[in-house]
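A look at the structure
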Amino acid sequence: MSLDDTDRRILRVLQRKGRISNAELADSVNLSASACHRRVQRLEADGYIRDYVALLNARKLGIPTTVFVEIKLSSQADELLEAFEKAVARVPDVLECHLMAGTADYILKIVAEDTEDFARIHRQYLTRLPGVAQMQSSFALRTVFKTTALPV
């Protein structure tokens, strides 16, 4: 299925206001409520809308520190990549893990309370990940821009 302009408008609104009512969404994209509802159901069924979530305030939750960790593995063997990916998915403080092209094999995005908490995460989890040959951690000093909205 290809997206038309109305589908894209619906997706843009839902990315920013996930709790908007169907009636409000329909008004904002100039559709009847029933037509809007059918489109949203189709976008969900076709996988364009993956899920609905609440975006939480990390500072309020006491985990304001963001750390990006570059990881180089000892090998690129499929078994090692698979073992690493399974293990890193179980680390509760890791928000994202990306397999990379370039100098690092993986980049992780981790949240922590502070540097001491990150030291605990490093000691308890990161040093125990399979196949890690080298790690480099970079602490975000300030988030200049952050969005979850994809350009549609």
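In this report, we go over the structure that sits alongside the text.

Calculation notes
As a convention, each chain's residues are numbered from 1 in the sequence order in which they are written. At least 70 in pLDDT is required for a residue's local features to be given in this predicted model, at least 80 for side-chain atom pairs to be given and counted, and no such filter applies to totals for whole chains, interfaces and linings, which use all residues. For the side-chain quantities, the full set of heavy atoms in the structure was used; hydrogens and water were omitted. Any two strands with at least two DSSP bridges between them are considered paired. Elements are defined by DSSP. Helices are runs of H or I of four residues or more, strands are runs of E of two residues or more, and each kind is numbered from the N terminus. Only C-alpha atoms enter the line fits that serve as axes; for helices the fit covers just the stretch in contact. Angles between N-to-C directions range over 0 to 180 degrees. Buriedness for pockets is judged along seven lines, at least five of which must meet protein on both sides within 12 Å for an open set on the 1 Å grid over protein atoms alone, while cavities are sets there where a 1.4 Å probe fits but cannot get out, and lining residues have an atom within 4 Å of a point. Grid points are joined across faces, edges and corners, and a volume is the space filled by probe spheres set on the points. For this scheme, ten residues count as nonpolar: Ala, Val, Leu, Ile, Met, Phe, Trp, Tyr, Cys and Pro. Four count as charged, namely Asp, Glu, Lys and Arg, and the remainder, Gly too, count as polar. For a helix, the expected span equals 1.5 Å multiplied by the residue count minus one. The buried label goes to any residue with under 20% of its type's maximum accessible area, the exposed label to any with over 50%, and the partly exposed label to all in between, with areas taken from a 1.4 Å probe on protein chains only. Arc definition: directions from the helix axis to the C-beta atoms.

1. Digging into the sheet that holds strand 3 (residues 106-112)
What the four strands build is an open sheet, ordered 2-3-1-4; its pairing is antiparallel. Since the sheet does not close on itself, it has two edges, and those belong to strand 2 (94-99) and strand 4 (132-139), each with one partner. Taken pair by pair, the neighbouring strands of this sheet meet at an average axis angle of 20°, ignoring direction. Here strand 1 (residues 65-73) pairs with strand 3 via seven bridges, running antiparallel.

2. Considerations on the layout of surface pockets
In this structure, the largest pocket spans a volume of roughly 1700 Å³. Together, 39 residues line the largest pocket, and Val53, Leu55, Thr147, Thr148 and Ala149 are the ones closest to its centre. When residues of the lining of the largest pocket are traced back to their parent elements, those giving at least two are helix 1 (5-16), strand 1, strand 2 and strand 3. With four residues, helix 1 is the single largest residue contributor to the lining of the largest pocket. Residues that form the lining of the largest pocket fall into these classes: 21 nonpolar, eight polar and ten charged.

3. Quick notes on helix 3 (residues 33-45)
Counted at 1.5 Å a residue, the expected span for helix 3 with its 13 residues is 18 Å, and the 18 Å between its end C-alpha atoms agrees. Listed in full, the buried residues belonging to helix 3 are Ala35, Cys36, Arg39, Val40 and Leu43. End-on, the buried residues of helix 3 take up no more than an arc of 135°, which puts them together on one face. Away from its buried face by more than 90 degrees, helix 3 exposes Arg38 and Ala45.

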